[in-house]
Amino acid sequence: RKPAFSAFSQQQLWARRPALTPALTAKLMISIGVACFAVGGAIFNTANDLRTLVKRYDDAATCASGFFPTSAEQAMQMSFNGAGTTCTVTLTAKSNMNKPVYVYYELSNFFQNHRAFVRDLDYFQLMGKPSQGLCTTHEKTSAGAEISPCGVQAWSFFNDSYAVAVNGAATTIDSANIAWKSDLKYKLGDYAPTNMNTDQATRGGGQITGNVDTDEDFATWMRTAALSKFRKLVGVINADIAKGDTITFTIQNRYNTYKFNGEKAVVLATNSWIGGRNLVFPAFYFLAGSLCSGLGAVGVFLHIFGDKFKSESTNEWSTRL
């Protein structure tokens, strides 16, 4: 059972063990710092060219007025028929926005990341397989009919809709290919929904259009957001928007965020290889570059003056002894 005698078995393989002298440490830290500054600068330059327009609309007078048609509905902050209101909001482009321009809706104070929300889902039923009884709410209508897909995630499906016009001319929002292909293929099944938000007594948000695996808006909604303020993709405008252009959104305001003090906004944004506009990302690179450069400066200082300090310290102790 004795292993064969070799450099590997005797742990005598060749290895390089560089001594981390102040000079070597300074070179490494300064090199890393320069790399961080270079990457941070490239990201900042790209992110700074991206543009974002945000307009909240749930609090606009034309959107909020009449959302609850009766005093009883107003008192309970509930809309029985879910008709909502039709309203318009206008944005003005502050700079050129080159195509493609992405359209999002933004929700605030909506906790998709809450444990009760995340767990209330039957993955088997969602994929078109027999239900395993995993949903904890919204399993049946008031008449006892099965709801498919069940659970609060599907029940709360966002159902506001948007039409856009640029300088008064209607512009198409292309909603194709907005969902993850893996979600459509593996997460959602090829079947028609049944009794989902069709019963007024148990209705929540919107209904699925077509089969479950073909409604990309539903697939996007079912991808859980990590924060209480999040954006979901609506579609893409495949046209340039020039500085000063007026963008008008006609909104079917159906989704009830008033009951939980939520906020709704429409967002126009351009993207790049780093994603959307985010200046925090390059800031971390600049911070890392500054720290590494500072450590490199300390290494240079020790390399130049370290022997002097060591000599003075040695002489001082020799004198005391």
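Residues numbered from 1 in each chain as written. Predicted model: local features only at pLDDT ≥ 70, side-chain atom pairs only at ≥ 80, totals over all residues. Heavy atoms only, no water.

A separate point is the nonpolar core. Grouped together as the largest cluster of nonpolar side chains are 48 residues, with contacts concentrated most on Tyr162, Phe218, Trp221, Ile247, Phe249 and Leu268. Of all the secondary structure elements, the ones that give two or more residues to this core are strand 2 (85–92), strand 3 (101–108), helix 6 (152–155), strand 4 (161–166), helix 8 (216–221), strand 6 (230–237), strand 7 (246–253) and strand 8 (263–270). Here this core takes 4 residues from strand 3, the largest share from any one element. Among the nonpolar cores identified, the runner-up in size contains 5 residues, and Ile178, Leu233, Val267 and Ala269 belong to it. (Core = buried A, V, L, I, M, F, W, Y, C linked by side-chain atoms within 4.5 Å. Buried < 20%, exposed > 50% of the residue type's maximum accessible area, 1.4 Å probe, protein only. Helix = DSSP H or I, 4+ residues; strand = E, 2+ residues; numbered from the N terminus.)

A few words on the pattern of salt bridges. Throughout the structure, instances matching the rule amount to 6 salt bridges. When the shortest N-O distance is used, the salt bridge between Asp58 and Arg56 registers 2.8 Å. Ionic pairing is found between Asp160 and Lys264, a salt bridge with its closest N-O pair at 2.8 Å. Here Asp160 is found in the loop between helix 6 and strand 4, whereas its partner Lys264 is found in strand 8, with 104 residues between them in sequence. We note that Asp160, like Lys264, is buried. Three or more residues are tied together by salt bridges with common partners; here these are Arg56, Asp58, Asp59 and Glu263. (Salt bridge = Lys/Arg side-chain N within 4 Å of Asp/Glu carboxyl O.)

On inspection of all chains with the given rule, the structure shows 21 aromatic pairs. Their ring planes at 80 degrees and their centres at 6.0 Å tell us that Tyr57 and Tyr162 sit as a pair that is edge-to-face. Here Tyr162 lies in strand 4 and Tyr57 lies in the loop between strand 1 (52–56) and helix 2 (61–64), a separation of 105 residues in the sequence. Each member of the pair, Tyr57 as well as Tyr162, carries the same accessibility label: buried. Through a chain of ring-to-ring contacts, the aromatic side chains of Tyr105, Phe110, Phe117, Phe158, Trp221, Phe230, Tyr255 and Phe260 assemble into a single cluster. (Phe/Tyr/Trp six-rings, centres within 6.5 Å; stacked < 30°, edge-to-face > 60°.)

Once that is clear, we can look at the state of the cysteines. Joining two cysteines, a disulfide is a covalent bond between their sulfur atoms. Overall, the coordinates contain 2 disulfides when judged by the stated rule. Cys63 shares a disulfide with Cys87; S-S distance 1.9 Å. In this structure the cystine formed by Cys63 and Cys87 twists about its S-S bond by roughly 90 degrees; its chirality is therefore right-handed. Residue Cys63 is found in helix 2, and its partner Cys87 is found in strand 2; the two are separated by 24 residues along the sequence. There is no split in this pair, since Cys63 and Cys87 are both buried. (Disulfide = S-S within 2.5 Å.)

Attention now goes to unusual backbone geometry. Here Lys99 and Pro100 are connected by a cis peptide whose omega angle stands at 0 degrees. Tracing the backbone through its elements, the reader meets Pro100 in the loop between strand 2 and strand 3. At the junction of Ser148 and Pro149, the peptide bond is cis and its omega measures out at 0 degrees in the coordinates. Residues other than glycine seldom take positive phi values, yet Asn197 does so here, at roughly 55 degrees.

With that out of the way, let us pick up the sheet that holds strand 8. Taken in spatial order, the 4 strands of this open sheet run 1-8-3-6, and their pairing is antiparallel. Lying at the two open borders of the sheet, with one neighbouring strand each, are strand 1 and strand 6. Between one strand axis and the next, the sheet turns through 20 degrees on average, direction left out of account. In this sheet, strand 8 lies alongside strand 3 in antiparallel orientation, the contact comprising 8 bridges. By the bridge assignment for strand 8, Tyr102 is matched with Ala269. (Pairing = 2+ DSSP bridges. Axes fitted to C-alpha atoms, helices over the stretch in contact; angles between N-to-C directions.)

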